[in-house]
There are 2 protein chains.
Amino acid sequence: MKISELSATTGVPVPTIKYYLRERLLPEGERSSPSQASYGEPHVKRLGVIRALVASGVSIAEVHRVLETLDNPPESAHLLLGSAHAAITSSVDEPLDLTLAEEVVAGLGWKPGLCDDAVLHAVARALDGLRSAGFEVPREVMPIYLRGMREIADAEIAGVPTSSPEAAVEYVVLGSALVEPLLLALRRVAQQIASAERFGGGATLR
Amino acid sequence: MKISELSATTGVPVPTIKYYLRERLLPEGERSSPSQASYGEPHVKRLGVIRALVASGVSIAEVHRVLETLDNPPESAHLLLGSAHAAITSSVDEPLDLTLAEEVVAGLGWKPGLCDDAVLHAVARALDGLRSAGFEVPREVMPIYLRGMREIADAEIAGVPTSSPEAAVEYVVLGSALVEPLLLALRRVAQQIASAERFGGGATLR
């Protein structure tokens, strides 16, 4: 199909598609004449992936790394997860004290060497942000965070499809980034429901 | 203290402080001379809050709305949560089919009117992103997401401090935005641990 049809099929404007082509997020179409190229199903699919990643707040540089991991997956399913996380976790560029983070993630079953530095740094940065805002997670809430996230991760890892390596790659790489907005949105809905039940006295927000 | 001392105390560069002053995120200091102003503890505290919000990906416009909610809290704790969410949820600007979202959040205990449109739209947008990337949450994983988020929300709402209205406001408004990076980072650590246990065969990523 022509670029205009690719745009109509995917709902992505032609200038945006051209931008993705220039940024090499989308592979070139097959040249059908010096000024025209032809696009196919793989382009439609890849545009869907790019659009979903961008919509969930993933930067263009990170989309690049996610797509690279999709195209050149590492050999083992476990290393795959590390690559997926590396693609969407900002690199370690500041010296952070990891003591508190290590203490917290011990509640997830963490021991030294069981996860890479980048995600441990992400925990440390998050804890640092809370501290600098003067916010403290209540003592009785933190264990619920840990238990909830461990149960979610166990279910997710158990759900990695074994039908084909490609399916496993897609699941792990996209699942890491794309499920985040869903979880955050579900938390807000659940907070409003819990709040309505506790404080609302039958009042509704809608 | 002078602006240079405020900078030294908080670690926020002077030009950034001036930017926050111009954007009216930070209240003016007390004029001590025509060219100098004096800043105090409230400025230190507010800078910590702004820095933490910005670091966790909240936009300047959203920081504005969060601070406004902190300064002018609504009367009831329940409405407060709605305001906090409104401040950090992008407004409803696209027509989205909410049927699937309503079906999903029914698993959280949702009934019509129990949460506002903005958070329901956030769920719909997240589901839409997954769909357009061709990603499907496995049938057995979604209930774990719902249960995890409901348990977390229940614990968070039960933990709203009742010592003072100010404490409740801070907890709800900051907790909504600032805990998100912590939860996402904990999920990634938990995924790596679960993956190491399932696929790693003793291999470590570190």
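Residues numbered from 1 in each chain as written. Chains lettered and ligands numbered in written order. Predicted model: local features only at pLDDT ≥ 70, side-chain atom pairs only at ≥ 80, totals over all residues. Heavy atoms only, no water.

A. The arrangement of the overall build of chain A in detail. In terms of regular secondary structure, chain A is built from 9 helices and 2 strands. Reading the helices (α) and strands (β) of chain A from amino to carboxyl end gives α-α-β-β-α-α-α-α-α-α-α. Here the C-alpha radius of gyration of chain A, 21 Å, is well above what a compact globule of 206 residues would show, namely 17 Å. In terms of its C-alpha atoms, chain A occupies a principal-axis envelope of roughly 65 × 50 × 35 Å. Looking at chain A residue by residue over its 206 residues, the buried ones come to 52%. Considering only residue pairs separated by 6 or more positions, chain A has 55% of its internal contacts joining residues 24 or more positions apart. For chain A, the exposed surface amounts to about 9,600 Å²; the carbon and sulfur share of it is 53%. (Helix = DSSP H or I, 4+ residues; strand = E, 2+ residues; numbered from the N terminus. Rg over C-alpha atoms; globule rule 2.2 N^0.38 Å. Buried < 20%, exposed > 50% of the residue type's maximum accessible area, 1.4 Å probe, protein only. Contact = heavy atoms within 4.5 Å. Areas by Shrake-Rupley, 256 points an atom, 1.4 Å probe, with all protein chains shown as cover.)

B. Fine view of the relation of the copies chain A and chain B. Note on the identical chains: chain A maps onto chain B by a rotation of 180 degrees and an axial translation of 0.0 Å, with an RMSD of 0.0 Å. On the angle and the small slide along the axis, the relation comes out as a two-fold axis. Closest approach to the rotation axis among the C-alpha atoms of chain A is made by Gly148(A), whose C-alpha sits 2.3 Å away. (Least-squares fit on C-alpha atoms with pLDDT ≥ 70 in both.)

C. A look at helix H4 (residues 60–71) of chain A. Residue and element names in this part refer to chain A. With 12 residues, H4 should reach 16 Å at 1.5 Å per residue; the first-to-last C-alpha distance of 16 Å fits that figure. Along H4, the residues that are buried comprise Glu-62, Val-63, Val-66, Leu-67, Thr-69 and Leu-70. Buried residues of H4, seen end-on, are gathered within an arc of 155 degrees and therefore sit on one face of the element. (Expected span 1.5 Å × (residues − 1). Arc of directions from axis to C-beta.)

D. Fine view of the environment of Lys2(A). Mapped onto the elements of the fold, Lys2(A) is located in the segment before helix H1 (3–10). When neighbours within four sequence positions are excluded, Lys2(A) is seen to be in contact with Gln36(A), Ala37(A) and Tyr39(A).

E. The arrangement of the packing of helix H8 (residues 142–158) of chain A against helix H8 (residues 142–158) of chain B in detail. Between H8(A) and H8(B), whose axes approach to 9 Å, the crossing angle comes to 175 degrees. Between H8(A) and H8(B), the crossing angle belongs to the class labelled roughly antiparallel. Between H8(A), through Ile144(A), Tyr145(A), Arg147(A), Met149(A), Glu151(A), Ile152(A), Ala155(A) and Glu156(A), and H8(B), the contact on the second element is made entirely by Ile144(B), Tyr145(B), Arg147(B), Met149(B), Glu151(B), Ile152(B), Ala155(B) and Glu156(B). Split by residue class, the contact of H8(A) with H8(B) holds 10 nonpolar, no polar and 6 charged. (Axes fitted to C-alpha atoms, helices over the stretch in contact; angles between N-to-C directions. Parallel < 35°, antiparallel > 145°, perpendicular 65-115°, else oblique. Nonpolar A, V, L, I, M, F, W, Y, C, P; charged D, E, K, R; others polar.)

F. How the structure looks around the nonpolar core. Ranked by size, the top nonpolar core spans 147 residues in total, and within it Tyr145(A), Leu182(A), Leu186(A), Tyr145(B), Leu182(B) and Leu186(B) carry the most contacts. Look past the residues within four positions of Leu186(A) in its chain and what remains in contact with it is Val104(B), Val105(B), Leu108(B), Val123(B), Tyr145(B), Leu146(B) and Met149(B). (Core = buried A, V, L, I, M, F, W, Y, C linked by side-chain atoms within 4.5 Å.)

G. View of the pairing of strand S1 (residues 30–33) of chain B. Residues and elements named next belong to chain B. Here S1 pairs with strand S2 (residues 36–38) via 3 bridges, running antiparallel. If you follow Ser-33 over to S2, its bridge partner there is Gln-36. With antiparallel pairing between neighbouring strands as the criterion, S1 and S2 make up a hairpin whose turn holds 2 residues. (Pairing = 2+ DSSP bridges.)

H. Representation of the interface of chain A and chain B. In this assembly, 88 residues from chain A lie in contact with 88 residues from chain B. Counting the surface lost from both chain A and chain B, the interface buries some 8,400 Å², and carbon and sulfur atoms represent 70% of this. Our count for the contact surface shared by chain A and chain B stands at 8 salt bridges. Between Arg147(B) and Glu151(A) there is a salt bridge; the shortest N-O distance is 3.3 Å. In this assembly, chain A and chain B are joined by 20 residue pairs in polar contact (both at pLDDT 80 or more). (Buried area = accessible area lost by both parts, 1.4 Å probe. Salt bridge = Lys/Arg side-chain N within 4 Å of Asp/Glu carboxyl O. Polar contact = N/O pair within 3.5 Å; in protein donor to acceptor, adjacent residues only side chain to side chain.)

I. Layout of the side chain of His85(B). Residue position: His85(B) is located in helix H5 (residues 77–88). His85(B) gets classed as buried once you look at its relative accessible area, which sits at 1%. Polar contacts involving the side chain of His85(B) include one to the side chain of Gln192(A), which spans 2.9 Å.

J. Spotlight on the pattern of salt bridges. Under the criterion given, the structure shown has 16 salt bridges over all chains. For Asp154(A), the salt bridge identified is with Arg150(A), shortest N-O distance 3.1 Å. One end of the pair is Asp154(A) and the other is Arg150(A), both in helix H8 and 4 residues apart, which spans about a single turn. Using a relative accessible area of 33% as the deciding quantity, one classes Asp154(A) as partly exposed. Looking at Arg150(A), the relative accessible area reads 17%, which means it is buried. Through salt bridges with shared partners, one network takes in Arg150(A), Asp154(A) and Glu197(B).

K. A look at the packing of aromatic side chains. All names here are of chain B. Summed over all chains, the structure comprises 4 aromatic pairs over all chains. On the basis of an interplanar angle of 45 degrees and a centroid distance of 5.9 Å, the ring pair of Tyr-19 and Tyr-20 is categorised as tilted. A relative accessible area of 30% places Tyr-19 in the partly exposed class. According to the relative accessible area criterion, Tyr-20 is buried, its value standing at 7%. (Phe/Tyr/Trp six-rings, centres within 6.5 Å; stacked < 30°, edge-to-face > 60°.)

L. The confidence of the model for chain A, seen in detail. Residues and elements named next belong to chain A. Averaged over every residue, the pLDDT of chain A is 85; the share at 70 or more is 93%. In the predicted structure, residues 202–206 sits below a pLDDT of 50 and forms 16 contacts with residues beyond four places in sequence or in another chain. If you check the scores for this complex, the pTM reads 0.82 and the ipTM reads 0.82. (pLDDT = per-residue confidence, 0-100.)

M. Up close: unusual backbone geometry. Phi at Arg24(A) takes a positive value of approximately 60 degrees, unusual for a residue other than glycine. Arg24(A) sits in the exposed class, given a relative accessible area of 64%.

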